[in-house]
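Chain by chain, the residues:
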Amino acid sequence: MKFVINVLSSSNAPATRRALRFAQAVLAAGHEIVRVFFYQDGVLTASNNLVVAQDQQDIAKQWQAFITENKLDAVVCIAAALRRGVLDQAEAQRYQREAVNLADGYQLSGLGQLHDALQQADRCISFGGE
Amino acid sequence: MAKSVLLISRQAPWAGIGAAEALDIALAAGAFDLPLSILFMDDGVLQLLDQQQPQALEQKDLSANLQALPMFGIEQLYVAQHCLTVRGLADNPLALTAERVDDQRIQQLIRQHDYVMTL
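Computed from a predicted structure; not experimentally measured.

Let us now look at the side chain of His115(A). Examined against the element boundaries, His115(A) turns out to sit in helix H5 (residues 112-120). On the accessibility criterion, His115(A) (2% relative accessible area) is buried. Within the structure, the side chain of His115(A) is placed 2.8 Å from the backbone oxygen of Ile25(B), a separation counted as a polar contact. Excluding residues within four positions of it along the chain, His115(A) makes contact with Ile25(B), Ala28(B), Ala29(B), Leu34(B) and Leu36(B).

Structure, rendered in structure tokens:
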């Protein structure tokens, strides 16, 4: 079965940890992930500027490793990312900001990418709230 | 045939960017000519109230985005009647034409659509 995973909460929310564990289970069970889409506070997971205390799980880092290892299509909504300060090289240049903090493995794009993924998939599971 | 989305919008209009971001999902579907319905539930029903004054909160008017929905081809709009009722708004006029639905009809809507997305 083909899944879209929709991440709506920040990496500090338990929902984002559950999203990762669910996504790992999807692949482990032999299913396919068409796209992971990061929207609302979910875009913060794609920042490589997060610093997590040593005695806590770094869920953003785990997400990035999972995406990279499995070569997943990970799209971060560009409008939601800009207003939360997650920028890639092109956007930092466009808006004359010093920090480029979109982690490797992610790409900024529009909400059309969410709808495009839905059209290809069988299931979309959203993780938001706490 | 294109797969359909039921977007359940639960955020109050002036409680942050949430309601506007939910609406953007709908407008994007409209821009790509994809079938999407919106169900306003919980505090989301407050988005539909007439004559809001966002200027008092130094906010941008969300109702302009809502009014744009039909122009984007998003015309299936529903509002949970019990959510209006518990907020004392049972008979209030709405700023947008939305079908008032009971719990049974909500179950039906959830079954009818390929995807349900709650924001």
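Here the focus is the sheet that holds strand S3 (residues 74-77) of chain A. All names here are of chain A. Read across the sheet, five strands follow the order S4-S3-S2-S1-S5 without closing on themselves; strand pairing throughout is parallel. Only two strands of the sheet have a single partner each, and these edge strands are strand S4 (106-109) and strand S5 (123-127). Strand-to-strand twist in this sheet, taken as the mean axis angle between neighbours without regard to direction, amounts to 25°. Sheet topology places strand S1 (residues 2-7) next to strand S2 (residues 32-38); six bridges connect them, and they run parallel. Opposite Asn 6, over in S2, you have Phe 37 as the bridge partner.

Each value, and the rule that gives it
- Residues numbered from 1 in each chain as written.
- Chains lettered and ligands numbered in written order.
- Predicted model: local features only at pLDDT ≥ 70, side-chain atom pairs only at ≥ 80, totals over all residues.
- Heavy atoms only, no water.
- Helix = DSSP H or I, 4+ residues; strand = E, 2+ residues; numbered from the N terminus.
- Buried < 20%, exposed > 50% of the residue type's maximum accessible area, 1.4 Å probe, protein only.
- Polar contact = N/O pair within 3.5 Å; in protein donor to acceptor, adjacent residues only side chain to side chain.
- Contact = heavy atoms within 4.5 Å.
- Pairing = 2+ DSSP bridges.
- Axes fitted to C-alpha atoms, helices over the stretch in contact; angles between N-to-C directions.

Take it as geometry only, folks, not as evidence of what the structure does.
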